[in-house]
Amino acid sequence: MALNKKNVENLNVCGKRVLVRCDFNVPLKDGAITNDNRIVAALPTIRKLIENGGKVILCSHLGKVKTPEDKARLTLAPVAVRLGELLGKEVTFACDDTVVGDNARSAVSAMNDGDVVLLENTRFRAEETKNGEEFSKDLASIADVYVNDAFGSAHRAHCSTAGVTEFISGETAVGYLMNKEIAFLGNAVENPERPFVAILGGAKVADKLNVISNLIEKCDTLIIGGGMAYTFLKASGNEVGKSLVDNEKLDYCREMMDKAKKLGKSLLLPVDTAIAGAFPNPIDAKVPADYVASCEIPADQMGLDIGPKTCELFAAAAKTAKTVVWNGPMGVFENPTLAKGTIALAQALAETDATTVIGGGDSAAAVVQLGFADKMSHISTGGGASLEYLEGKVLPGIDVIMDN
Ligand code: AMP
């Protein structure tokens, strides 16, 4: 069970070589880091390991390495410099094209306790994403202990996130960041304080099929807004005009509504909707949005946000909760006129005493962009990983870590 993983707090690392999988997949422009949030987020785990006398060997992927030419652009060298500044100590960068090459081996053998080495981008090795044995063995050969602190990559079984643990001789643990994700997402889904209200939005039903199904089983109330609501509205017999509809998923939506009914779960859909004649182009273009009842969307209009009555309905439901998990915006939040539903819901969550957990990706972006980040209990750092967690899947990068 994910809630019971060994973590870095009590790990014995003194004098040991500790390989730490971080998420240093930072945005770069012309070789410069444009946002160092991910590096900052990794500091507590790194500092703890330094403090406890570990020899700290860091690794991460950065971007997608498709051709050898991508390597010059996707080196982790700028991360070593920034990390050194943030830690206030030297970070030795081992610039091996093979990630674990002569530079890495000699840098590691020269380490004293508390020193830090950063390896080159793990995706420089093609086997990384295939979980190939040779690279997993190479990584394990320069370390005694393994720590995974990269939640955003935990849904992938790669050499640096999973395979390496088969060959590591010593203990394995999760870092502080990963531990926080497990504590919030894991508790919300596996052991929520009730009532548990789950809120789903975003573009398409097809992207969240298993999330919908799993959350209906786990939550007390499921709220559906955003683009995906129109497929549910159509499946319940409403005309939805030109709104985003996934016609192949109408039966699926009916099945989910039946499932909720059978399990005695409440499933809420928008009762009114902001409409416009076309999707705004550019996305933040001025739109003359009107509001109509969800069952009265004209044939030549599309629903692009939840309306004020729905905001009240959803906010009231959210305010009854002890635990709320939210994934996906309620409308086209990138447009100020169509962000009102997402803002209203974020506001409602900001005002509750409930544990509020925001899934990664667009919902996290919306909450941050709209200024509510510090009002939420937890904003997940992993888009794909948090969705898979909400689907009830076992994430390989967590599964491979020793239990406590
Ligand atoms: P997702 O990545 O699935 O969470 O979807 C997020 C995207 O859904 C955002 O870019 C929103 O603009 C978009 N979205 C939200 N509501 C609607 C809607 N009613 N129609 C079309 N797109 C929407």
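Being a predicted model, the structure only gives us computed values, none of them experimental.

1. Some points on the state of the cysteines
- Counted by the stated rule, this structure contains zero disulfides.
- The closest cysteine sulfur to the non-disulfide-bonded C22 is located on C59, 7.1 Å from its own sulfur.
- The exposure class of C22 is buried, given its relative accessible area of 1%.
- For C59, a relative accessible area of 0% corresponds to the buried category.

2. Section: the sheet that holds strand β10 (residues 221–224)
- In spatial order, the strands read β11-β10-β9-β15-β16-β17; together these six strands make up an open sheet with parallel pairing. Each edge of the open sheet is held by one strand with a lone partner, namely β11 (266–268) and β17 (378–379).
- Bridge count between β10 and β11: three bridges; the pairing is parallel. Bridge assignment links I223 to a residue of β11, and that residue is L268.

3. A closer look at the nonpolar core
- Membership of the largest hydrophobic core comes to 96 residues, with the highest contact counts inside it found for F24, L58, L119 and I212.
- A total of six residues in this core trace back to one element, the largest contributor, which is helix α1 (residues 37–51).
- Once residues lying within four places of it in the same chain are set aside, the contact partners of F24 are R38, I39, A42, I46, L58, S60, H61, L62, L76, V79, L83 and L118.

4. Here's the deal with helix α4 (residues 102–109)
- Three or more residues of α4 are buried, namely A104, A107 and V108. The arc that holds every buried residue of α4, seen down its axis, measures 95 degrees, which confines them to one face. Away from its buried face, by an angle of more than 90 degrees, α4 presents the exposed residues D102 and S109.
- Of the surrounding secondary structure, the elements contacted by the buried residues of α4 are β1 (17–21), β4 (55–59), β5 (91–94) and β6 (116–119).

5. Comments concerning the sheet that holds strand β12 (residues 272–276)
- The strand order across the open sheet formed by three strands is β13-β12-β14, and the pairing between neighbours is antiparallel. This sheet does not close on itself; its edge strands, each paired only once, are β13 (290–293) and β14 (302–306). Taken pair by pair, the neighbouring strands of this sheet meet at an average axis angle of 45 degrees, ignoring direction.
- As paired elements, β12 and β13 share four bridges and run antiparallel to each other. When the bridges of β13 are listed, D272 appears paired with A293.
- Sitting on the sheet, helix α10 (residues 308–319) touches β12, β13 and β14, and the angle it makes with β14 is about 45 degrees.

6. Brief notes about the pairing of β10
- Residues T221 and I223 of β10 are buried on one face, and the alternating residues L222 and I224, pointing to the opposite face, are buried as well.
- In this structure, strand β9 (residues 196–200) lies alongside β10, joined through four bridges in parallel fashion. The residue of β10 that forms the bridge with V197 is T221.
- For the crossover that starts at β9, traverses helix α7 (residues 209–218) and ends in the parallel β10, the hand is right-handed.

7. Things to note about the site of the ligand
- Neighbouring the ligand are 16 residues, the closest being A203, G303, G331, E334 and D362.
- Residue G303 places a main-chain N or O atom 3.0 Å away from a nitrogen atom belonging to the ligand.
- At 2.5 Å from an oxygen atom of the ligand is found a side-chain nitrogen or oxygen belonging to E334.
- Protein chains shield 83% of the accessible area of the ligand, which is 510 Å² for the free molecule.

8. Let's talk about the pattern of salt bridges
- Evaluated as defined, the whole model comprises 19 salt bridges.
- Across the pair E9 and K48 runs a salt bridge, and its minimum N-O distance is 4.0 Å. Residue E9 is located in the segment before β1, and its partner K48 is located in helix α1; the two are separated by 39 residues in the primary sequence.
- A relative accessible area of 37% places E9 in the partly exposed class.
- Given the relative accessible area of 15%, K48 is considered buried.
- One salt bridge in this structure joins E391 and K393, with 3.3 Å as the shortest N-O distance.
- Since its relative accessible area comes to 42%, K393 is described here as partly exposed.
- A cluster of three or more residues bridged by salt bridges with shared partners is formed by R105, R125, E127 and D138.

9. Side note on the packing of aromatic side chains
- Enumeration according to the criterion identifies one aromatic pair in this entry.
- Between F151 and Y389, the aromatic rings sit 6.4 Å apart at their centres with planes inclined by 35 degrees, giving tilted as the arrangement. With F151 in the loop between β7 (145–148) and β8 (172–174) and Y389 in helix α13 (residues 383–390), the pair connects residues that are 238 residues apart, well separated along the chain.
- Residue classification places Y389 among the buried positions, given a relative accessible area of 4%.

The rules we used
- Residues numbered from 1 in each chain as written.
- Predicted model: local features only at pLDDT ≥ 70, side-chain atom pairs only at ≥ 80, totals over all residues.
- Heavy atoms only, no water.
- Disulfide = S-S within 2.5 Å.
- Buried < 20%, exposed > 50% of the residue type's maximum accessible area, 1.4 Å probe, protein only.
- Pairing = 2+ DSSP bridges.
- Helix = DSSP H or I, 4+ residues; strand = E, 2+ residues; numbered from the N terminus.
- Core = buried A, V, L, I, M, F, W, Y, C linked by side-chain atoms within 4.5 Å.
- Contact = heavy atoms within 4.5 Å.
- Arc of directions from axis to C-beta.
- Axes fitted to C-alpha atoms, helices over the stretch in contact; angles between N-to-C directions.
- Right-handed = clockwise from strand over helix to strand, strands pointing away.
- Near = heavy atom within 4 Å.
- Polar contact = N/O pair within 3.5 Å; in protein donor to acceptor, adjacent residues only side chain to side chain.
- Areas by Shrake-Rupley, 256 points an atom, 1.4 Å probe, with all protein chains shown as cover.
- Salt bridge = Lys/Arg side-chain N within 4 Å of Asp/Glu carboxyl O.
- Phe/Tyr/Trp six-rings, centres within 6.5 Å; stacked < 30°, edge-to-face > 60°.

As far as function goes, none of this settles anything; it's purely spatial.
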